[in-house]
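Chain by chain, the residues run as shown.
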Amino acid sequence: AVVSTQSTGVQSEVRKIRQTEMRRVEEKISSEINHCINIIISWIKVLLKSKQEKDDFLSDVGVQSPTRACVEVCRFLSSCVVGTLNGPIDGENLQHVMIEIGVRFHGALLDHLMGYQYNVVGAMQLIQDVHKYSATVKRFKDPFVDELFEALNKLCNLLVVPPDQLIEFWNLGSLAHIEHGFLVQFVKLRADYRKNNIQSKLPSFGTHVRA
């Protein structure tokens, strides 16, 4: 009976040690994955900043193929991110990682785009870029990430529509869920904002109802 009790005690201690080690390993893996995601997003920011020309979205020569920044970022995401992570990470863990990358990429891209001005041709160029970004993140296979980029595409329409039609788009679909102040700041990116007195054509805060 004494031996049995001792054996049970040893087994219990072994289980505790094993659980502690498993938690330590999982935390280390989680930390390494987060570090990897940080590196991925940092490199995307570098590509956007270094490859995006300041006049990419102020062109008057017609819509070209996707901008160099867009092509480089999408190539990196497709080959170095999706291609590399498939294998070492799988199942739910892979899905969680891809969601995190998708959400953070969306945020980094939006911050980047807020630093430019857009004429009508440039806005069409932007929409073409966003279509390519959207097609690329579909490889992440997550509906929420897809929705983020679909909303970004609709947001870009505010840079294209004639000033007197802005109010029609303002509360349209997913835009109705976006904070009024942010929509105003985004519309201010239009190159014709002052010239066409667009501020006077925007709906007031009270008429923009967030669902």
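Only a predicted model underlies this, so the values are computations on that prediction, with no experimental measurement involved. (Residues numbered from 1 in each chain as written. Predicted model: local features only at pLDDT ≥ 70, side-chain atom pairs only at ≥ 80, totals over all residues. Heavy atoms only, no water.)

Engineer: Explain the packing of helix α4 (residues 120-137) against helix α5 (residues 143-156) to me, using residue names and the numbers behind them.
Structural biologist: Close contact between α4 and α5 brings their axes to 10 Å; oriented N to C, the two are set at 175°. As summarised for this structure, α4 and α5 are arranged roughly antiparallel, according to the angle between their axes. Of the residues in α5, those touching α4 at L126, I127, V130, H131, Y133, S134 and V137 are V145, D146, F149, L152, N153 and C156. Here the residues of the contact of α4 with α5 are counted per class, giving nine nonpolar, three polar and one charged. (Axes fitted to C-alpha atoms, helices over the stretch in contact; angles between N-to-C directions. Helix = DSSP H or I, 4+ residues; strand = E, 2+ residues; numbered from the N terminus. Parallel < 35°, antiparallel > 145°, perpendicular 65-115°, else oblique. Contact = heavy atoms within 4.5 Å. Nonpolar A, V, L, I, M, F, W, Y, C, P; charged D, E, K, R; others polar.)

Engineer: Describe the environment of D55, naming the residues involved and giving the relevant values.
Structural biologist: Topologically, D55 is positioned in the loop between α1 (2-51) and α2 (68-85). Sequence spacing of D55 and Y116 is 61 residues, and the spatial spacing of their C-alpha atoms is 8.5 Å.

Engineer: Describe the side chain of S59, listing the residues and the values that go with them.
Structural biologist: Looking at where S59 falls in the secondary structure, it is placed in the loop between α1 and α2. Polar contacts involving the side chain of S59 include one to the main-chain amide nitrogen of V61, which spans 3.1 Å. In contact with S59, other than residues within four places in its own chain, are N119, V121 and G122. (Polar contact = N/O pair within 3.5 Å; in protein donor to acceptor, adjacent residues only side chain to side chain.)

Engineer: Go over helix α7 (residues 180-187), please, and point to the residues and values.
Structural biologist: Those residues of α7 that fall on the buried side of the exposure criterion are H180, L183, V184, F186 and V187. The buried residues of α7 occupy an angular sector of 165° when the element is viewed end-on, so they sit on one face. (Buried < 20%, exposed > 50% of the residue type's maximum accessible area, 1.4 Å probe, protein only. Arc of directions from axis to C-beta.)

Engineer: Could you give me a rundown of the side chain of D146, with the residues and numbers involved?
Structural biologist: Tracing the sequence through the fold places D146 in helix α5. In this structure D146 is buried but unpaired, with K138 as the nearest side chain of opposite charge at 4.1 Å. The residues touching D146, leaving out its near neighbours within four places in the chain, are V137 and K138. (Lys, Arg positive; Asp, Glu negative; His and termini not counted. Salt bridge = Lys/Arg side-chain N within 4 Å of Asp/Glu carboxyl O.)

Engineer: So what's going on with the packing of aromatic side chains? Residues and values would help.
Structural biologist: Enumeration according to the criterion identifies five aromatic pairs in this entry. Ring geometry for F57 and Y118: centres 5.0 Å apart, planes at 40°, overall tilted. Within this pair, whereas F57 is found in the loop between α1 and α2, its partner Y118 is found in the loop between α3 (91-113) and α4, the two being separated by 61 residues in sequence. The exposure class assigned to F57 is buried, which follows from its relative accessible area of 1%. Residue classification places Y118 among the buried residues on the basis of a relative accessible area of 2%. Each member of the aromatic cluster is reached from another via a ring pair, and the members are F57, Y116 and Y118. (Phe/Tyr/Trp six-rings, centres within 6.5 Å; stacked < 30°, edge-to-face > 60°.)

Engineer: Which residues make up the nonpolar core, and what values go with them?
Structural biologist: Counting 55 residues, the largest nonpolar core has I44, I101, F105, Y118, Y133, F149 and L155 as its most contacted members. Residue assignment for this core shows that the elements contributing at least two residues are α1, α2, α3, α4, α5, α6 (166-170) and α7. Sequence-distant contacts of I101, that is, excluding residues within four places in its chain, are made with I37, I40, I41, V81, L85 and F140. (Core = buried A, V, L, I, M, F, W, Y, C linked by side-chain atoms within 4.5 Å.)

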